[in-house]
Amino acid sequence: MYRTHNCGALRIEHVGQTVTLSGWLNKNRDYGSMTFIDLRDRYGITQLVFNTQTDETLYNDAKKLSREYVLRIEGTVAERSNKNPNLPTGDIEIIVSKLEVLNESLTPPFTLDDETDGGEEIRMKYRYLDLRRRPVQENLFFRSKVAIESRKYLSDQGFIEVETPVLIKSTPEGARDFVVPSRMNKGQFYALPQSPQTFKQLLMVSGFDKYFQLVKCFRDEDLRADRQPEFTQIDCEMSFVTQEEILQTFEGLTKYLFKECLGIDLPTFPRMTYDEALKRYGSDKPDTRFGMEFVELNELAQGHGFPVFDSAELVVGICATGQADAYSNKDIKKLTSWVQRPQIGAKGLVYVKYNLDGSIKSSVGKFYSDEQLMTWLEKAGAQKGDLLLILCGETDKVRGQLNDLRLEMGDRMGLRSEGFNPLWVVDFPLLEWDEDSERFHAMHHPFTSPKKNDIDRMLNGDHETMKALRADAYDLVINGWEIGGGSIRIFDRELQAKNFKLLGFTEAEAEEQFGFLMGAFEYGAPPHGGIAFGFDRLCSIMKGAGSIRDFIAFPKNNQGRDVMIDAPATIDTVQLDELGIATLKEEEA
């Protein structure tokens, strides 16, 4: 027997018992005639005691042990004289009578403590060691709990979990596909699914009514902290439902997960239209934990001889409460440089300080009187001590730039560190017009339905009408992050064919790519809709982490590489030949 108890189980009531434990040597401390070892497993840490009075040979053996050795010990539980209130096992220790080294260990390349000295790249290379650290393990335990509770909730709501294929057909919309060559069909390729979208719609055609799946998805796209080439979704679809019923169901799921996994009761989620979100926050995923809402100043700022404002499509600002004294001229210059970085792209920054003594100072003071500047402050709801920050330019661009500035000021002012503010963003545009390609793109995806009142306009309208179409689409946003998104789907062949045509598909292309789905619509497809939650992101937001990599056991790095197993990698020329793929050397020749 390797153990009678785990390393987190023993308490004061076990004193006097003979026990067997196994685990890793976490720390050892030698005090001359006595050595203490902290033995660790996934359940906790237990202190072991070796001393010369009890067994000098055992004591000498223990002194030779190093970190991460795998040990099995037998001993007697004793009450500690120097208790550790920070450990659940801190009232006891084990007087060791038998020691067995199950496996030795090299010295780890970084410390395996809660606060490690290892950088991210080295920890990713030795991920199996990083996973021994308590904070990393706790993240994965949390992820497991969220997954289990998601399944419980959805099962109780009548959903059935169905696995959909991983080897599917490549489609042109969305991100790039990862492709897999077929050995038995040389020259042809599978794609790994970006989502199970068409399959879950087919399940609705098949009459399953309520489907869900915790599903792995794959997208060959540029990576950031919140993205991975492979990620997990809570993917769901329902038949005979309205948008309202879907929002109620998955608001319920979100509240349930926060309550069961964090002990937090979330209030009813507010609703905000896409247009309102852009106008108030410059983003369709606003962080509403703090105010600092946009104030449009065109009527007050234009027509007074300041050419930068006069030529702008939009003049818009935010009011930073209590920041007038906090920002000197030097600080304002640094902030101006921050918004002028290529990542943001603003041309400049205008400020108005409403000082505590009631005076007003502004970088455009020579163009505007104090009375005129006061009208800006009043519209922004500014009080003495506040700072008004203003950008201008093309509407879409400047809103995005000011959103970045708003979030940066929220961080600097400590307004984004606590709490959870969920909301639904609804009424998205159905289509986006791209000037470069001179074609429409789907705002969500090609299967999203227009609002019922817009269906006739979609079937019969002109180009400008198409730009104004609204979708039965919705996103769940928490703290400035999109957690999930979905829509009511098209379930009529004629309407789906029209949408493909608007998106630039020829009739033949639409049939080749999605003929199976449109054909299914001819066999009594029910009205249906659904949603998908980014599961990794949901876990990271719930725990306040900055990266979804913290909640994935074996993540890829920023270049999409698994540095632990060194993937992606080249494959043998024999395999390439079997797949009918020419080697790079042959192509060069």
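Criteria and thresholds
Residues numbered from 1 in each chain as written. Predicted model: local features only at pLDDT ≥ 70, side-chain atom pairs only at ≥ 80, totals over all residues. Heavy atoms only, no water. UniProt positions renumbered as here; feature names shortened; annotations may be inferred. Salt bridge = Lys/Arg side-chain N within 4 Å of Asp/Glu carboxyl O. Helix = DSSP H or I, 4+ residues; strand = E, 2+ residues; numbered from the N terminus. Buried < 20%, exposed > 50% of the residue type's maximum accessible area, 1.4 Å probe, protein only. Pairing = 2+ DSSP bridges. Contact = heavy atoms within 4.5 Å. Axes fitted to C-alpha atoms, helices over the stretch in contact; angles between N-to-C directions. Polar contact = N/O pair within 3.5 Å; in protein donor to acceptor, adjacent residues only side chain to side chain. Arc of directions from axis to C-beta. Parallel < 35°, antiparallel > 145°, perpendicular 65-115°, else oblique. Left-handed = near helix turned anticlockwise from the far one by under 90°. Nonpolar A, V, L, I, M, F, W, Y, C, P; charged D, E, K, R; others polar. Phe/Tyr/Trp six-rings, centres within 6.5 Å; stacked < 30°, edge-to-face > 60°.

- Labelled according to an unreviewed UniProt entry, the protein appears under the name Aspartate--tRNA ligase, originating from Aureispira anguillae.
- Annotation of the protein in UniProt includes, under Sequence similarities (unreviewed entry), the sentence "Belongs to the class-II aminoacyl-tRNA synthetase family. Type 1 subfamily."
- For the record of the protein, the UniProt heading Subunit (unreviewed entry) holds the text "Homodimer."

**Some details on the pattern of salt bridges**
Now for step 1: All told, the structure shown has 42 salt bridges when counted by the stated rule.
Now for step 2: For the salt bridge of Arg151 with Glu161, the shortest nitrogen-to-oxygen distance reads 2.9 Å. Of this pair, Arg151 sits in helix H4 (residues 134–156) while Glu161 sits in strand E6 (residues 160–161); the two residues are 10 residues apart in sequence, bridging distant segments of the chain.
Now for step 3: On the accessibility criterion, Arg151 (33% relative accessible area) is partly exposed.
Now for step 4: For Glu161, a relative accessible area of 33% gives the class partly exposed.
Now for step 5: Residues joined in a network through salt bridges with shared partners are Arg123, Arg127, Asp130 and Arg133.

**Examining the sheet that holds strand E22 (residues 528–534)**
Now for step 1: An order of E6-E9-E10-E22-E21-E20-E17-E11 is seen for the eight strands of this open sheet, with the pairing classed as mixed. Both edges of this open sheet fall to E6 and strand E11 (271–273), since each of them pairs with a single strand only.
Now for step 2: One ladder, built from two bridges, connects E6 with strand E9 (residues 210–218); its direction is parallel. Across the sheet, Glu161 pairs through a bridge with Phe212, a residue of E9.
Now for step 3: Sheet strands in contact with helix H7 (residues 274–281) are E11 and strand E17 (422–426), and its direction is about 85 degrees off that of E11.

**Looking at the UniProt feature "binding site: ATP" (unreviewed entry) in the protein**
Now for step 1: When the UniProt feature table is mapped to this numbering, "binding site: ATP" (unreviewed entry) covers Arg219, Asp220, Glu221, Gln228, Glu482, Gly534, Phe535, Asp536 and Arg537.
Now for step 2: Its place among the elements puts Gln228 in the loop between E9 and strand E10 (230–239).
Now for step 3: Among residues more than four places away in sequence, those in contact with Gln228 are Leu223, Ile548, Arg549, Ile552, Pro555 and Lys556.
Now for step 4: Checked against the element boundaries, Gly534 lands in strand E22.
Now for step 5: Setting aside its immediate chain neighbours within four residues, Gly534 contacts Thr232 and Ile483.

**Focus on the side chain of Gln194**
Now for step 1: Structurally, Gln194 can be placed in the loop between strand E8 (189–191) and helix H5 (197–205).
Now for step 2: Taking the relative accessible area as the measure of exposure, Gln194 reaches 12% and is therefore buried.
Now for step 3: Within the structure, Gln194 has its side chain in polar contact with the side chain of Asp177 (distance 2.6 Å).

**Digging into the environment of Trp24**
Now for step 1: By the secondary structure assignment, Trp24 is in strand E1 (residues 18–30).
Now for step 2: Taking relative accessible area as the criterion, Trp24 reaches 29% and is therefore assigned partly exposed.
Now for step 3: Once the C-alpha coordinates of Trp24 and Glu104 are considered, the two residues, 80 residues apart in sequence, prove to be 9.8 Å apart.
Now for step 4: Those residues in contact with Trp24 that sit more than four places away from it in its chain are Asp38, Leu39, Arg40, Asp41, Glu68, Tyr69, Val70 and Arg132.

**A short note on helix H11 (residues 370–379)**
Now for step 1: Within the span of H11, buried status applies to Leu373, Trp376 and Leu377. Buried residues in H11, looked at end-on, bunch into an arc of 95 degrees, giving them a common side. Exposed and facing more than 90 degrees away from the buried side of H11 are Glu371 and Glu378.
Now for step 2: Packed against the buried residues of H11 are helix H8 (298–301), helix H9 (307–310), strand E14 (350–354), strand E15 (360–362) and strand E16 (387–393).
Now for step 3: Count one or two residues on from H11 and you reach Gly381, which has phi positive near 70 degrees.

**Here's the deal with the sheet that holds strand E2 (residues 34–41)**
Now for step 1: Pairing in this closed barrel of five strands is mixed, and the strands run E1-E2-E3-E5-E4 around the ring. Along the sheet, successive strands turn relative to each other by an average axial angle of 55 degrees, direction set aside.
Now for step 2: In terms of strand pairing, strand E4 (residues 70–79) meets strand E5 (residues 92–103) through 10 bridges, oriented antiparallel. Paired with Ala78 across the strands is Glu93, a residue of E5.
Now for step 3: Here helix H1 (residues 56–63) sits on the sheet and contacts E1, E2, strand E3 (44–51) and E5; the angle it forms with E5, its principal contact strand, is near 65 degrees.

**Section: the packing of helix H10 (residues 329–339) against helix H12 (residues 395–412)**
Now for step 1: At their nearest, the axes of H10 and H12 sit 11 Å apart, and the two run at 135 degrees to each other. Between H10 and H12, the angle is such that the two are oblique. Note on packing geometry: the crossing formed by H10 with H12 is right-handed. Residues Leu335, Trp338 and Val339 of H10 pack against Asp404, Leu405, Glu408, Met409 and Arg412 of H12.
Now for step 2: The residue makeup of the contact of H10 with H12, split by class, is five nonpolar, no polar and three charged.

**Side note on the packing of aromatic side chains**
Now for step 1: Considering all chains together, one arrives at 20 aromatic pairs under this definition.
Now for step 2: Their ring planes at 75 degrees and their centres at 6.2 Å tell us that Tyr126 and Tyr128 sit as a pair that is edge-to-face.
Now for step 3: Accessibility expressed as a relative area gives 24% for Tyr126, which makes it partly exposed.
Now for step 4: Plain terms: the ring middles of Trp433 and Phe440 are 4.9 Å apart, the flat faces sit at 70 degrees to each other, and that makes the pair edge-to-face.
Now for step 5: We classify Trp433 as partly exposed; its relative accessible area is 29%.

**Overview of the environment of Glu120**
Now for step 1: By secondary structure assignment, the location of Glu120 is in helix H2 (residues 120–125).
Now for step 2: When the C-alpha atoms of Glu120 and Thr54 are compared, they prove to be 44 Å apart, with 66 residues separating the residues in sequence.

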